[in-house]
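Residues per chain, in single letters:
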Amino acid sequence: MENYNRSLDICLEVFGDSHPDVASTYNNIGVVHFCKRDYDDALRCYDMAYAIYSGINGECDPDAAMCLNNIGNVYLSQEKYHEALEMYEKSLEIRLKVFGTRHRLVATSYNNLAIVYGRIGDCSRTIENYRCSYDILVDIFGEHDSRTIGALENIVDYYLQS
C-alpha cells in the first residue's frame, strides 16, 4: 500500500489530479482496500477514479465502466444488492456501447448481474443473465474454453441451489 500511495503522490505532482494515471492509481488502491475488506476506503478510491475517467472521456468510457463494476463489487460484498445492481447495470450499459454485445467484459457484467439477482431471489433474471454471459463466451472462446465451462457451471450450480 505504501508504494501505491507514493505512486499516487508522484502522479498527482507530475500530472495533476485529472489524469488517467492518477485514476488508475486510485483504482489500484481501491482494489487493495477491497481485498482487505476496507469497503469505505475502497469506495472512496473507486469514486475518485470514476470521477477522473468520466471527467476526461465522458461517461461512456471503458475505464469508467470498470470503476462502476468495482463499486458494484463493494456493494455486493456489503450485501447492498440494489446498489450493486445499479452499478452493474450502468457498467453493462457503457460496455455494450463501447464493446458491443460480444466482448468478455460484457459477459462479466452479465455474470455479475446474475449473481445479484440470485442473491435477491429473482430466478428468471439470474438464469437470463448467466445465459447471456455463457452465450457470449461460447461465441468468443468456444465451448471447451475454461471461461465458457465456468459460465456453464454457474448456470448448473444455480439450478442445483434453487
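Every chain is numbered on its own, with residues counted from 1 as its sequence reads. Totals for whole chains, interfaces and linings use every residue, but because this is a predicted model, local features are given only for residues with pLDDT of at least 70 and side-chain atom pairs only at 80 or more, for both listing and counting. Side-chain figures throughout are based on the complete set of non-hydrogen atoms in the structure, without hydrogens or water.

Trainee: What am I meant to see in a nonpolar patch on the surface here?
Mentor: Patches draw on residues past 30% relative accessible area with no salt bridge. Two like charges within 9 Å are joined, as are two nonpolar side chains (Val, Leu, Ile, Met, Phe, Trp, Tyr) within 5 Å. Working definition of accessibility: Shrake-Rupley area with a 1.4 Å probe, residue cover restricted to the visible protein chains. Counted as salt bridges are all cases of a side-chain nitrogen of Lys or Arg within 4 Å of a carboxyl oxygen of Asp or Glu. Where nonpolar side chains cluster on the molecular surface, the patch consists of Ile10, Val14 and Phe15 and spans about 290 Å² of accessible area. Residue classification places Val14 among the exposed positions, given a relative accessible area of 56%. Only protein chains enter the accessibility calculation, which uses a 1.4 Å probe; a residue whose area is less than 20% of its type maximum is buried, one above 50% is exposed, and one in between is partly exposed.

Trainee: Even after reading the chapter, I still don't get the pattern of salt bridges, so can you show me in this structure?
Mentor: Two side chains carrying opposite charge are able to pair once their charged atoms lie near each other. Applying the stated criterion to the full structure yields seven salt bridges. For Arg102, the salt bridge goes to Asp139, with nearest N and O atoms at 2.6 Å. Highlighted residues: Arg102 in the loop between helix H5 (81-99) and helix H6 (104-119) and Asp139 in helix H7 (residues 123-141), separated in sequence by 37 residues. Notably, a salt bridge pairs Arg131 with Asp135, separated by 3.1 Å at the nearest N-O pair. With a gap of four residues between them, Arg131 and Asp135 both fall in helix H7, about one helical turn apart. Under the scheme used here, helices are H or I runs from DSSP no shorter than 4 residues and strands are E runs no shorter than 2 residues, and both carry numbers assigned from the N terminus.

Trainee: Any chance you could explain the packing of H7 against helix H8 (residues 146-161) here in plain terms?
Mentor: Geometry of a packed helix pair, given as the angle between the helix axes and the separation of the axes. In this analysis an axis means a line fitted to C-alpha atoms, helices contributing only their contacting stretch, and an angle means the value between N-to-C directions, from 0 to 180 degrees. Two numbers describe how H7 lies on H8: the axes approach to 8 Å, and their chain directions differ by 160°. The orientation of H7 with respect to H8, classified from their angle, is roughly antiparallel. The two elements H7 and H8 cross, and the hand of that crossing is left-handed. Between H7 and H8, the residues in contact are Cys123, Thr126, Ile127, Tyr130, Arg131, Ser133, Tyr134, Leu137, Val138 and Phe141 and Arg147, Thr148, Ala151, Leu152, Asn154, Ile155, Tyr158 and Tyr159, respectively. For this scheme, ten residues count as nonpolar: Ala, Val, Leu, Ile, Met, Phe, Trp, Tyr, Cys and Pro. Four count as charged, namely Asp, Glu, Lys and Arg, and the remainder, Gly too, count as polar. Of the residues belonging to the contact of H7 with H8, the class tally is twelve nonpolar, four polar and two charged. Any angle from 65 to 115 degrees is called roughly perpendicular, while one under 35 is roughly parallel, one over 145 is roughly antiparallel, and all others are oblique. Here is the rule for handedness: rotate from the far helix to the near one, and if that takes an anticlockwise turn smaller than a right angle the crossing is left-handed, while a clockwise turn gives right-handed. Any two residues whose heavy atoms approach within 4.5 Å at even a single point are treated as in contact.

Trainee: Honestly, the environment of Asp122 in this entry has me stumped. Any pointers?
Mentor: Mapped onto the fold, Asp122 is located in the loop between H6 and H7. Not counting chain neighbours up to four residues away, the residues in contact with Asp122 comprise Tyr117 and Tyr158. Separated by 3.3 Å, the side chains of Asp122 and Ser124 make a polar contact. Identification of polar contacts relies on pairs of N or O atoms within 3.5 Å, with a donor-acceptor requirement for protein atoms, meaning one able to donate a hydrogen and the other able to accept it, and with residues adjacent in sequence counted only if both atoms are side-chain atoms.

Trainee: Any chance you could explain the state of the cysteines here in plain terms?
Mentor: By definition, a disulfide links two cysteine residues through a covalent bond between their sulfur atoms. Two cysteine sulfur atoms form a disulfide, by the criterion used here, when they sit within 2.5 Å. For the structure shown, the criterion picks out zero disulfides. This cysteine, Cys132, is not joined by any disulfide, and Cys123 carries the nearest cysteine sulfur, 15 Å off. Taking the relative accessible area as the measure of exposure, Cys132 reaches 26% and is therefore partly exposed.

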